[in-house]
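# Residue-level structure breakdown
Given next are the chains, with one letter for each unit.
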Amino acid sequence: MSELREKMTLHWEEIIRDLEEQYIQNPNDLTPLTKKIFALTLLERFDEALTLADEIIKKEKTAYNLVCKAEVYLKMEDKQKALEICNEALELEPNNESALRLKKKITKPELNILLIVVIIILITMSLTFTL
């Protein structure tokens, strides 16, 4: 592990401990736990992040908490699962901006694929014009 990555990991581990302490001090506030999901995701500790997201959703099923879980799946490159959870968030709150933004991010076509399609169309058109 590079020195920079090791420092970053130690930094995020410290943040995770601080967030856990904040939650212990005020167990009715789930905000530190949702922030912990973000930190765990940055450290690529996806299983822990998903387990924590499920615990939070059991306590308080909100669009925001569902979006947090969907973002973990997106970081894991599981777009299908991320989209399912995003849609679940939108069922709870149809105009939730975070869920709408995430859904758009998940469903937008990849630029590379779009570029390939455009190139194929241009090549086909140029072949048609030369014949």
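Just so we're clear, the structure is a prediction, and the values are computed from it rather than from any experiment.

## Thoughts on the nonpolar core
- By size, the foremost hydrophobic cluster in this structure holds 33 residues, and its most contacted members are Ile-37, Leu-102 and Ile-106.
- Residue assignment for this core shows that the elements contributing at least two residues are helix H1 (3–25), helix H2 (31–42), helix H3 (46–59), helix H4 (63–75), helix H5 (79–92) and helix H6 (97–107).
- In terms of residues, this core owes the most to one element, H4, which gives eight residues.
- If near-sequence neighbours (up to four positions away) are discounted, Ile-37 is found in contact with Ala-49, Leu-52, Ala-53, Ile-56, Cys-68 and Val-72.

## Points about the pattern of salt bridges
- Throughout the structure, instances matching the rule amount to seven salt bridges.
- Two residues, Glu-3 and Lys-7, come together in a salt bridge whose shortest N-O distance is 3.4 Å. Placement of the pair is Glu-3 and Lys-7 together in helix H1, with a separation of four residues, close to one helical turn.
- Residue classification places Glu-3 among the exposed positions, given a relative accessible area of 58%.
- Note that Lys-61 is salt-bridged to Glu-88, the shortest N-O span being 2.8 Å. Placement of the pair is Lys-61 in the loop between H3 and H4 and Glu-88 in helix H5, with a sequence separation of 27 residues.
- Overall, the relative accessible area of 47% leaves Lys-61 in the partly exposed class.
- A relative accessible area of 28% places Glu-88 in the partly exposed class.

## Notes on H4
- Under the 1.5 Å per step criterion, the end-to-end length of H4 is 18 Å for 13 residues, consistent within 8% with the ideal 18 Å.
- The buried fraction of H4 is high, at 10 of 13 residues.
- The complete set of buried residues in H4 reads Ala-63, Asn-65, Leu-66, Val-67, Cys-68, Lys-69, Ala-70, Val-72, Tyr-73 and Leu-74.
- The elements touched by buried residues of H4 are H2, H3, H5 and H6.
- Just beyond H4, the residue with positive phi is Glu-77, at close to 65°.

## Section: the packing of aromatic side chains
- All chains considered together, the criterion is met by one aromatic pair.
- Measuring from centroid to centroid gives 5.9 Å for Trp-12 and Phe-38, while their planes differ by 70°, and the two rings are edge-to-face. Residue Trp-12 is located in helix H1, and its partner Phe-38 is located in helix H2; the two are separated by 26 residues in the primary sequence.

Thresholds applied
Residues numbered from 1 in each chain as written. Predicted model: local features only at pLDDT ≥ 70, side-chain atom pairs only at ≥ 80, totals over all residues. Heavy atoms only, no water. Core = buried A, V, L, I, M, F, W, Y, C linked by side-chain atoms within 4.5 Å. Buried < 20%, exposed > 50% of the residue type's maximum accessible area, 1.4 Å probe, protein only. Helix = DSSP H or I, 4+ residues; strand = E, 2+ residues; numbered from the N terminus. Contact = heavy atoms within 4.5 Å. Salt bridge = Lys/Arg side-chain N within 4 Å of Asp/Glu carboxyl O. Expected span 1.5 Å × (residues − 1). Phe/Tyr/Trp six-rings, centres within 6.5 Å; stacked < 30°, edge-to-face > 60°.

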